[in-house]
Every structure is written in C-alpha cells, then in structure tokens.
Amino acid sequence: MCEIFPLETDRLRLRAWRDDDLPAFAALNADPQVMRYFPAPLSSAQSDALADKIRLFMQQHGWGLWALEVKGGAPFIGFVGLAIPADDLPCSPCVEIGWRLAAAHWGKGYASEAAETALHYAFEHLNLAEVVSFTADANQPSRRVMERIGMTSEGESFLHPRLPQGHPLQKHVLYRLGQQLWREQQC
C-alpha cells in the first residue's frame, strides 16, 4: 500500500478518505441535483461501494480522487482528483481529472481551485504528458470548470459505452490538457 499524499490550497485540503466521510458522500450521491448528469442517484450501498473503490485505488497508487474539505469549515464536501477510466472509452488509456461536490458548496470556486492543485500534482509529480476530462454534453457547469482550469475541447465527442443507445446523457464531450500547455499557462 502507498502513502496517500495530501494536497492543500489556501482554502482547501485534498486528503485521504476517512470512514466518517461516508454518510456525507452518500447524501451527496443521493441528491438528484448533484447527480443530474449521471444515469441515476446512488443508494447508500452504491455510494459506499464507490468510496471503497476510490479508497482502494488511492491506497494502491498514493493519489486518486481525494476527499475534499474546507479548511476550518466543512470536513467533507466531495471529491476532486485523478482517476484512470475504463478501457472501453475512446480516450483510453488516459488519466482523467474529475470532481463531485455537494450542491451547498457550488459557486465558490472550490472545484476549480482543487482541480488546479490536482493538475499540478499530475504534471509535476506524476509527470503525465496529458490529462483528460469528459462529461455529458449538457453538463455546462463541469465544462466551465474544465475551461477555467485551462482544458480545451477540439470538438471531440463520443457516445458513452455504458449508457444505453438513445440515453439523453450518452453523448459526452472530451477535454484535454497537455503538460506543455499547462506549463505555458503557469507563466
């Protein structure tokens, strides 16, 4: 098992998951507003299974989808970080950046702030050549975060292979950010 490296910004801490995060994570995953760009909200058991999968990945790699907390405030508001998506996606193999925050914490810049820190880790510590992100075409809030953190879309889209044909969320857009462009943006 690997040591899980926490990351920090002025306002946020990206850290290893704790057992006491699970109830808040289950509430977040059960919220129809938070899950509107996913096939369905998650049950408590599904949420716990997802948390277990995230935690196992982090234990194996030392990085992943970090639990996100507000310093001096909310102890758990969601997750932000890096993941390796399934091999059946057209952008695979790749590392993606993603986030999911409780609705009460939207509009405060937390997703962008934490994602920028995760990108720094991806390019400086993992020395990745590229990081991708993808979402349902209709998910404008996540697309705006992708753009704020310097990712671009060249019009690449795909039909998500795990959603049924004709599902309203099946069309996904792909954003990319290469290490070289990221370094130029840091200047």
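Going by the structure above, here's the rest.
Read on for a plain summary of the structure. Please read all numbers here as calculations on a predicted model, not as lab measurements.

### Concerning the nonpolar core
In this structure, Trp-17, Trp-66, Leu-82, Ile-97, Trp-99 and Val-131 are the most contacted members of the largest nonpolar core, which totals 48 residues. The dominant element in this core, judged by the number of residues it contributes, is helix H3 (residues 110-125), at nine residues. The residues contacting Val-131, other than those within four sequence positions of it, are Leu-82, Val-95, Glu-96, Ile-97, Leu-119, Ala-122, Phe-123, Met-151, Tyr-175, Arg-176 and Leu-177. Leu-89, Cys-91, Phe-134 and Phe-158 belong to the second largest nonpolar core, which has seven residues in total.

### Overview of the packing of helix H1 (residues 22-30) against helix H2 (residues 44-61)
Contact pair H1 / H2: the axes reach a minimum separation of 9 Å and the direction vectors enclose 120 degrees. As far as their axial angle goes, H2 and H1 are oblique. Crossing angle aside, the handedness with which H1 passes H2 is right-handed. Of the residues in H2, those touching H1 at Leu-22, Phe-25, Ala-26 and Asn-29 are Ser-44, Ser-47, Asp-48, Leu-50, Ala-51, Ile-54 and Arg-55.

### Some points on the packing of aromatic side chains
For the coordinates displayed, the defined rule picks out eight aromatic pairs. Judged by centre distance (5.5 Å) and plane angle (80 degrees), the rings of Trp-66 and Tyr-121 are edge-to-face. A residue pair is termed long-range when its members are at least 10 positions apart, and Trp-66 in strand E3 (residues 65-70) and Tyr-121 in helix H3 qualify at 55 residues. Exposure class is identical for Trp-66 and Tyr-121. Each is buried.

Parameters at a glance
- Residues numbered from 1 in each chain as written.
- Predicted model: local features only at pLDDT ≥ 70, side-chain atom pairs only at ≥ 80, totals over all residues.
- Heavy atoms only, no water.
- Core = buried A, V, L, I, M, F, W, Y, C linked by side-chain atoms within 4.5 Å.
- Buried < 20%, exposed > 50% of the residue type's maximum accessible area, 1.4 Å probe, protein only.
- Helix = DSSP H or I, 4+ residues; strand = E, 2+ residues; numbered from the N terminus.
- Contact = heavy atoms within 4.5 Å.
- Axes fitted to C-alpha atoms, helices over the stretch in contact; angles between N-to-C directions.
- Parallel < 35°, antiparallel > 145°, perpendicular 65-115°, else oblique.
- Left-handed = near helix turned anticlockwise from the far one by under 90°.
- Phe/Tyr/Trp six-rings, centres within 6.5 Å; stacked < 30°, edge-to-face > 60°.

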